Amino acid sequence: MIISEINKALQASSVEDFAKLNEMTFVMSLDELKKKLSVVYHDFLNVFDREKTAQLFLHRSYNHKIELEDENQLSRSQLYFMSSYKLQKIKKYLEENLKKKFITLSKALFASSILFVEKKDDSLRFCMNYRKLNALIKRDHYSIFLIDEVLARIQDSKYLIRLDIIIMFNKLCMSSESENLTTFVTFFNVYKYRVMFFKLINELAFFQHYINDVLFDCLHKFCQTYLNDILIYSKILKKHRIHVKEVLDKLREVNLQINIDKCEFKIQKISFLELLIFINDLRMNSRKVDVIRS
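Residues numbered from 1 in each chain as written. Predicted model: local features only at pLDDT ≥ 70, side-chain atom pairs only at ≥ 80, totals over all residues. Heavy atoms only, no water.

1. So, the overall build of the protein
Then comes step 1: Helix and strand counts for the protein stand at nine helices and 11 strands.
Then comes step 2: Going through the 294 residues of the protein one by one, you find that 49% of them count as buried.
Then comes step 3: Total accessible area computed for the protein in this model is approximately 15800 Å², and 51% of it derives from carbon and sulfur atoms. (Helix = DSSP H or I, 4+ residues; strand = E, 2+ residues; numbered from the N terminus. Buried < 20%, exposed > 50% of the residue type's maximum accessible area, 1.4 Å probe, protein only. Areas by Shrake-Rupley, 256 points an atom, 1.4 Å probe, with all protein chains shown as cover.)

2. Thoughts on the nonpolar core
Then comes step 1: Counting 62 residues, the largest nonpolar core has Leu163 and Val247 as its most contacted members.
Then comes step 2: Considering each element in turn, this core owes the most residues, five residues, to helix H7 (residues 203-214). (Core = buried A, V, L, I, M, F, W, Y, C linked by side-chain atoms within 4.5 Å.)

3. Quick word on the sheet that holds strand E5 (residues 184-185)
Then comes step 1: Strand order in the open sheet formed by three strands is E1-E6-E5, with antiparallel pairing between adjacent strands. Each of the sheet's edge strands pairs with one partner strand only, and the pair in question is strand E1 (103-105) and E5.
Then comes step 2: One ladder, built from three bridges, connects E1 with strand E6 (residues 190-193); its direction is antiparallel. Residue pairing in the sheet places Thr104 in a bridge with Lys192 of E6.
Then comes step 3: Along the sheet, helix H4 (residues 84-99) makes contact with E1, E5 and E6, crossing E1 at roughly 100°. (Pairing = 2+ DSSP bridges. Contact = heavy atoms within 4.5 Å. Axes fitted to C-alpha atoms, helices over the stretch in contact; angles between N-to-C directions.)

4. Focus on a nonpolar patch on the surface
Then comes step 1: On the surface, Leu79, Phe187 and Phe188 cluster together to form a nonpolar patch covering roughly 260 Å² of accessible area.
Then comes step 2: Here Phe187 lies in the loop between E5 and E6.
Then comes step 3: Classification of Phe187 by relative accessible area gives partly exposed; the value is 43%. (Patch = residues over 30% accessible without salt bridge, like charges linked within 9 Å, V, L, I, M, F, W, Y side chains within 5 Å. Salt bridge = Lys/Arg side-chain N within 4 Å of Asp/Glu carboxyl O.)

5. Some thoughts on unusual backbone geometry
Then comes step 1: Despite not being glycine, Asn202 shows a phi value in the positive range, around 75°.
Then comes step 2: The exposure class assigned to Asn202 is buried, which follows from its relative accessible area of 7%.
Then comes step 3: Even without a glycine there, the phi angle at His220 is positive, about 65°.
Then comes step 4: Position of His220 relative to the elements: it lies in the loop between H7 and strand E7 (223-226).

6. Focus on helix H8 (residues 237-253)
Then comes step 1: With 17 residues, H8 should cover 24 Å at 1.5 Å per step; its first-to-last C-alpha distance of 24 Å lies within 8% of that length.
Then comes step 2: Those residues of H8 not exposed but buried are His240, His243, Val244, Val247, Leu248, Lys250 and Leu251. Buried residues in H8, looked at end-on, bunch into an arc of 160°, giving them a common side. Exposed side of H8, more than 90 degrees from the buried face: Lys238 and Glu253 are the residues found there.
Then comes step 3: Those residues of H8 hidden inside the fold are in contact with strand E4 (159-164), H7, E7 and strand E8 (229-234).
Then comes step 4: Directly after H8, the chain includes Asn255, whose backbone phi takes a positive value near 65°. (Expected span 1.5 Å × (residues − 1). Arc of directions from axis to C-beta.)

7. Topic: the packing of aromatic side chains
Then comes step 1: For the structure shown, the criterion picks out three aromatic pairs.
Then comes step 2: When the centroid spacing of 5.4 Å and the interplanar angle of 35° are considered together, the rings of Phe184 and Tyr193 count as tilted. The pair formed by Phe184 and Tyr193 is uniform in burial state, with each residue classed as buried.
Then comes step 3: Taken together, Phe184, Tyr191 and Tyr193 form an aromatic cluster joined through their ring pairs. (Phe/Tyr/Trp six-rings, centres within 6.5 Å; stacked < 30°, edge-to-face > 60°.)

8. Brief notes about the environment of Asn180
Then comes step 1: When you line up the elements, Asn180 lands in the loop between E4 and E5.
Then comes step 2: According to the relative accessible area criterion, Asn180 is partly exposed, its value standing at 32%.
Then comes step 3: Every residue in contact with Asn180, bar those within four places of it in the chain, is listed here: Ser106, Ala108, Phe110 and Lys192.
Then comes step 4: Here the side chain of Asn180 touches Lys192 through a polar contact of 3.2 Å, side chain to side chain. (Polar contact = N/O pair within 3.5 Å; in protein donor to acceptor, adjacent residues only side chain to side chain.)

9. What about the confidence of the model for the protein?
Then comes step 1: The share of residues in the protein with pLDDT of 70 or more is 75%, and the mean pLDDT across the chain is 77.
Then comes step 2: In this model residues 288-293 is a low-confidence stretch, pLDDT under 50, and it forms two contacts with partners more than four residues away in sequence or in other chains. (pLDDT = per-residue confidence, 0-100.)

10. Observations regarding the sheet that holds E7
Within a sheet, each strand pairs with its neighbour through backbone hydrogen bonds, oriented either parallel or antiparallel.
Then comes step 1: Strand order in the open sheet made by the three strands is E4-E8-E7, with antiparallel pairing throughout. Every interior strand has two partners, whereas the edge strands, E4 and E7, have only one. Averaged over all pairs of adjacent strands, the angle between their axes in this sheet comes to 15°, without regard to strand direction.
Then comes step 2: Note that E7 and E8 share four bridges and pair antiparallel. Of the residues in E8, the one forming a bridge with Gln224 is Leu231.
Then comes step 3: Along the sheet, H8 contacts E4, E7 and E8; its crossing angle with E8, the most-contacted strand, is approximately 155°.

Next comes the structure, spelled out in structure tokens:
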């Protein structure tokens, strides 16, 4: 299975990951972080700082560039009637992301539409409708590793840790020449994204390229990555701590933050790729199996 196939499957999904950043209001204090994180890794507390997730990155070599099959087919979508409640939701979203400089005004002649998706609790989520744009984008391909490879790498390992990167898509900027392609039109004005956005095609493949480059020196030695999930494995505790510190140091260099609430610092068992990985064993996550059985 390749990431382009996963991309295709995600096109019907909502922009939940991006929305989570706007909904993230709880920020741990330094003392709270220290209580949750082993004293061995207290030199890396800033890697677990949620406040940094709202900071805009500077443009650099890993900016996301969109390549089109035919740019002449770009069009401007039309607005449709929205209730006052929906307009207020849009305004709140715009204010939050303008403040963080994640979006800015656009003068592009083409634009995607906006819409609302109803969540399970009947509330509404503000989304971009990039279906027309995605149909014009050249597909990227990036092969993901086989689970057998993971098992081979972690064989005889006694210490396992899984790290979870917070809001991974917003950690990279759009390239300056591609920003206009993300333009969307609202009743308030026309805007474009300055950060990579979850709803666009190729974003998963692009981030996998990026995170593998960041952790290149660690991969297949004591580390495996799958998008925002990082698995660290070692045979000896002393080396394990060195390995974890090396990974955290590389993440700090590129200003990637880790969600401490989703990290697993357990020795005997962790979850990775929806599998439960034990020392010398591998099992399917029972929650996923129960869904199939029911």
